[in-house]
Amino acid sequence: MPTRPDNYFTTLGNVPVHYNRDRPADYPTRGRPYRYYCTQGFENKLNACIGELWNLNPYGKAEVITSAGAFVDKPSFHGQGRAFDLDGIFWSGRKFITLYDGYQGGNRKFYFGIEAVLRKHFGTVLDYNYNADHRDHFHVDDGSPVGFRPGALSLVKFLQAALVNVFGLSVGATGIDGGYGNNTKAAVRQALSRLGIAGDIANQSVWLQFLTGTARTAFGSGIIPELSIAATTPPLELGGGPISLEITAENGIENIIATGIDGNLTTRREANGLWIVSTETPQFGEKTILVKGFNGEDQQVAETTVAIAAERSANNPYQPPENSLTSLGAIVPIIDRANHILQPFVDCKIFLELEGGELYIDGSLPLSLDGSPRAAQFDPCRGYLTTSLRDPELSGQEQYVNSEEIPYIALPEGYEFFGVALGDIVAVIVDGQVEFAVFANVSHSYKLLSGSLALARSLVGDYFDSNISGQGLSENVIYLIFPGSGDGTPQTPEAIRQIGRTLFERLGGQLQANNLAEELAPQNQFTLLSRPIITRSDEIEEAFSRQILEEIARSQEDAELPIELGNLPFEAIASDVDVLARTIFGEARGESDQGKIGVGYTVINRVSIAQARGDYWWGNTIREVCLKPYQYSCWNANDPSRAVIIAVRPGNRIFDRCLVIARQVIDRAIANPVRRSTHYYATYIAAPDWTRGKNPYVQLGVHKFYENIR
């Protein structure tokens, strides 16, 4: 086990460092005095970093710093006394909170200015763009050297975020995606030119100059004039429809850049000098638009932040995920009459209170590993051995709710307002698959609902990476919480399912034998999308592989250009991940990660449509959809990519990346950039006939993606 260093500190940069995590409600406060243990060398680096921050920022030395911790008894840089988590900084006239100013968009310019200073002193800095676990703090450690590395995801995402939020530059249509492509490189050149810096940003000296310039630009004088909002249409508190802002052109403004909401924002200048910022209907909940004004020399001279409350209305109706409608059954009309509550938690698409007091939430499902004896092994920085719900009749580790064995959810602070109590039962629906869980934990860092590993596995199968920290399901996860349904104690999975099934069916939900996780548990089986339920023995795997080969051969008998797959091993044909990865490799190996992810999701979207219909011509499984003749052309016998995708094996750098992306897409563990798109084409060929009269949803790289093509 790690040994705690003898060295500790209570101040940094001559400012007290407080702990604000005794209770979730403490997070945005100044907390209490605390001892933080780390090595002497690491403390010296922290002091140098914070001292420079006091010199660069316009508010000078702060009054209090808040932190989630330094040394932690886990096998990580925290366990070596060489890591620190920064929650917030409090000046007399301003407070900076990482969750509010970063992830929630309060003042991202200031946020990335602070991160720029941190990166001058530490090679590893993790922020909200890196993963969900770092939305409410900066993590810094000295495990890597200071400098820019194009292959380091956290570095590239920070660079892109700084270019967008601090310098107001574009990094391409895919935005902050971690890809160091031509658009990002062009924006880097513009930023360096503005700062008067010559050279390659991969040079350490240039990188350090860029970080200093980024911090100075972000902090400025500390006072940026407010833009004047002349009018809004309709009134912002109504939401639910297209919104336009009239902005007075003042302070020598020659250009306006607007960011925020969920989709694209457009700007135009009227003949009378007013600027109009317009957006289509935003998603439900509280959103913000950040509007920045620039002068003729492309320097920011003004900005304003506008809050939008997008409520459910006739102009902005809510539709549950298509694949879950059958399972919801008679609950759907109840949803239509429900009371819409604006974003009580982070990250939910919509939060409704049904007529009977049940709570309906459409959101995501990050993994919660708490309660597992292996929590620290899974997540050295954030894994907790305990859960809020425990069995009072047991002791030691057994009293807590094990994430690997019990389907449970975690809610953030504030759940009590809705009558929910620990031990209450929850129905969770993903793509029509229903599982029941218990409310067993209170989130440590103010995120939306999260779910245990057992819950996620029962819904999508055992397809998570060995490093499961930060994984989960990114969208279209439906929660139905039944307040008052528990007894305040943990229960067995069987009891949870029995109670949940009764409540769900009583409300109007529909359960089918082939989508109930409890039907699979005794045989240690699972289902992923439409993959047949199989056990993990070698004999059955080989038989299944042979069956798939025979099915593929039969499906190709009438094809003009048959697909011959004999060179592929059985395990490749039997694996959804492998077939999807080869499809992504064949169709988009020269594209960015976003381009590859987009291609992968077109396959998933086709499978989802086929499953919702019960059957469809393009295939009902990942394999069938990918291998359908004349659909994904890389598999066609006359396509030059066909031989390449059959021959490629793990160890190829790009194919290895496609394997990772394929697994994340199948698990819904990565954001979908193409929404419901099922088709796309490359812009270097003539537009196909099926595009006639259609507008693309998005373009990623050379591919234009289209929805509603059948």
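Our structure's up above, just so we're on the same page.
Remember, predicted model here, so these are calculated numbers, not experimental data. (Residues numbered from 1 in each chain as written. Predicted model: local features only at pLDDT ≥ 70, side-chain atom pairs only at ≥ 80, totals over all residues. Heavy atoms only, no water.)

### Here we look at the nonpolar core
As a rule of thumb, nonpolar side chains are buried together in soluble globular proteins. Counting residues in each nonpolar core, the largest one holds 67 residues, and the members touching the most others are Trp54, Phe84, Ile89, Ile114, Leu163, Trp207 and Phe210. Residues within four places of Trp207 in sequence aside, it is in contact with Arg119, Val146, Gly147, Phe148, Leu155, Phe158, Leu159 and Ile201. (Core = buried A, V, L, I, M, F, W, Y, C linked by side-chain atoms within 4.5 Å. Buried < 20%, exposed > 50% of the residue type's maximum accessible area, 1.4 Å probe, protein only. Contact = heavy atoms within 4.5 Å.)

### Re the side chain of Asn165
Within the fold, Asn165 resides in helix H4 (residues 153–165). In this structure Asn165 touches Arg108, Lys109, Phe112, Ile176 and Lys292, once residues within four positions along its chain are discounted. (Helix = DSSP H or I, 4+ residues; strand = E, 2+ residues; numbered from the N terminus.)

### Overview of the pairing of strand E7 (residues 83–90)
Residues in a regular strand point their side chains to alternate faces of the sheet. Counted residue by residue, E7 has eight buried out of eight residues, so it is predominantly covered. In the sheet, strand E6 (residues 64–69) pairs with E7 via five bridges, with the strands oriented antiparallel. Bridge pairing links Val64 to Phe90 in E7. Where E7 meets strand E10 (residues 138–141), four bridges bridge the pair, whose relative direction is antiparallel. Pairing of Asp85 across the sheet is with His139, part of E10. Where E7 meets strand E8 (residues 95–97), three bridges bridge the pair, whose relative direction is antiparallel. If you follow Gly88 over to E8, its bridge partner there is Ile97. Counting the residues that bridge the hairpin from E7 to E8 gives four residues. (Pairing = 2+ DSSP bridges.)

### Looking at empty space enclosed by the protein
As enumerated under the stated definition, the model contains one cavity of 30 Å³ or more in all. A volume near 50 Å³ is recorded for the largest cavity. Contributing to the lining of the largest cavity are Leu46, Cys49, Ile50, Phe84, Leu86, Leu118, Phe122 and Val140. Looking at the lining of the largest cavity, the elements that each hand over two or more residues are helix H1 (40–56) and E7. Looking at which element gives the most residues to the lining of the largest cavity, the answer is H1, with three residues. In terms of residue class, the lining of the largest cavity is made up of eight nonpolar, no polar and no charged. (1 Å grid on protein atoms, 1.4 Å probe; cavity = no way out; pocket = protein on both sides within 12 Å on 5 of 7 lines; lining within 4 Å. Points joined across faces, edges and corners; volume = space filled by probe spheres on them. Nonpolar A, V, L, I, M, F, W, Y, C, P; charged D, E, K, R; others polar.)

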